[in-house]
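Overview (structure and organization)
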Amino acid sequence: MKRRVEIGILYSRSGNYRLVSDACRAGALAAIADINGDPSIPALFSPVKYDPQGNADGYASGCAEILQGSSARHIIGCVTLWSRKEVIPVLERFGGTLWYACPYEGFETSDHVVYMHACPNQQLLPLFSHVVPRFGADVFLLGSNYIWGWEMNRVARDLIADAGGDVRGERYLPLGETEVARLIEEIRATRPDFVFNNLIGSSSYAFLKAYAELGREDEHFLPHHCPVVSCNLT
């Protein structure tokens, strides 16, 4: 008989980053289903789900509810760095472990978090070594106005300086902002070699749609001339 093991699932199904969060949640549940369907594995995972609904203060309470209300000691969850930072004190208090499957900004370590994805240098060194020789070293930096964008662009500035390039602009939008017309006009005016996009969720989708329209108006901004590169879309 298989041993039943409860495991926490802490992903929002609403809010500015719901598409990424839902994809992570679906992946975790699919993996659990695969494991449970394998007769050779002696454990049967039972997901204990909590939806913070995109609210910053919902992650700590959700994490506590999972750890106190079930036998789960491991939680798969969180998409943004601030949600991860919200749960770390709770994990420390109750002896839990977070499995964090998204890219993260680095400059943090915790014995209660398994960082499963790349940090900035692991992403940006190979990315820029591919982009700069092919398109040039002059870049326009974008980000949503919180730590992920700040840290990724900080590392990017150093790499561009080392390559002899120029930062043509650096702009940040509030989370969820979809008004990007002024951003597009500034990129049009500064004419970078490529755009490094760290916008999140709906902001990123609105920008990509507007940038595609810019490319139709001005061939300099077509993908084979001036691409948009990102590390946070998967």
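For the structure given in this document, a descriptive report is provided here. Bear in mind the structure is a predicted one, so any value in this text is a computation, not a measurement. (Residues numbered from 1 in each chain as written. Predicted model: local features only at pLDDT ≥ 70, side-chain atom pairs only at ≥ 80, totals over all residues. Heavy atoms only, no water.)

For the rest of this paragraph, the subject is the sheet that holds strand 7 (residues 167-173). Across the sheet, 4 strands lie side by side as 7-6-8-9; this open sheet has parallel pairing. Two strands in the sheet have a free side with no partner beyond their single neighbour: strand 7 and strand 9 (228-229). As defined by bridge partners, strand 8 (residues 194-198) adjoins strand 9 across 2 bridges and the pair is classed as parallel. Following the sheet pairing, F196 is matched in strand 9 by V229. The sheet strands contacting helix 4 (residues 120-135) are strand 8 and strand 9, and the helix crosses strand 8 at an angle near 155°. (Pairing = 2+ DSSP bridges. Helix = DSSP H or I, 4+ residues; strand = E, 2+ residues; numbered from the N terminus. Contact = heavy atoms within 4.5 Å. Axes fitted to C-alpha atoms, helices over the stretch in contact; angles between N-to-C directions.)

Empty space left among the atoms is revealed by rolling a probe the size of a water molecule over them. A complete count under the given rule lists 1 cavity of 30 Å³ or more for this structure. In this structure, the largest cavity spans a volume of roughly 200 Å³. Lining the largest cavity are 19 residues; nearest its centre among them are V20, V79, Y146, I200 and N232. Considering only residue class, the lining of the largest cavity consists of 14 nonpolar, 4 polar and 1 charged. (1 Å grid on protein atoms, 1.4 Å probe; cavity = no way out; pocket = protein on both sides within 12 Å on 5 of 7 lines; lining within 4 Å. Points joined across faces, edges and corners; volume = space filled by probe spheres on them. Nonpolar A, V, L, I, M, F, W, Y, C, P; charged D, E, K, R; others polar.)

Core analysis: the biggest nonpolar cluster contains 53 residues, and L124, F128, F194 and F196 have the highest contact counts within it. Excluding its chain neighbours within four sequence positions, the residues that come into contact with F128 are P133, A156, L159, I160, F194 and F196. (Core = buried A, V, L, I, M, F, W, Y, C linked by side-chain atoms within 4.5 Å. Buried < 20%, exposed > 50% of the residue type's maximum accessible area, 1.4 Å probe, protein only.)

The phi torsion at C78 lies on the positive side, around 70°, for a residue other than glycine. Here C78 is to be found in the loop between strand 3 (74-77) and helix 3 (81-94). Positive phi is not limited to glycine here, since F107 has a value of about 55°. By the element assignment, F107 lies in the loop between strand 4 (97-100) and strand 5 (113-115).

Another aspect to go through is the side chain of D138. Position of D138 among the secondary structure elements: in the loop between helix 4 and strand 6 (139-144). Given the relative accessible area of 17%, D138 is considered buried. In this structure the side chain of D138 is engaged in a polar contact, spanning 2.6 Å, whose partner is the side chain of R168. Not counting residues up to four positions away in its chain, the partners in contact with D138 are G165, D166, R168, P192, D193 and F194. (Polar contact = N/O pair within 3.5 Å; in protein donor to acceptor, adjacent residues only side chain to side chain.)

This brings us to the sheet that holds strand 4. Within the open sheet, the 5 strands sit side by side as 2-1-3-4-5. Their pairing is parallel. At either margin of the open sheet sits one strand with a lone partner, and together these are strand 2 (43-50) and strand 5. The average angle at which neighbouring strand axes cross in this sheet is 30°, direction not considered. Where strand 1 (residues 3-10) meets strand 3, 3 bridges bridge the pair, whose relative direction is parallel. Paired with I9 across the strands is I76, a residue of strand 3. Contacts from helix 1 (residues 18-36) reach strand 1, strand 2 and strand 3, with the element oriented near 155° to strand 2.

All right, on to helix 3 then. What sets the pattern is the α-helix's 3.6 residues per turn: residues three or four places apart point alike. The end-to-end C-alpha distance of helix 3 is 20 Å, a good match for the 20 Å that 14 residues give at a rise of 1.5 Å each. Along its length, helix 3 shows its largest kink, about 25°, at V87, and proline P89 lies within four residues downstream of that point. Following helix 3 by one or two positions, G95 adopts a phi angle in the positive range, close to 75°. (Expected span 1.5 Å × (residues − 1). Bend = angle between axes of the 7 residues up to and from the residue.)

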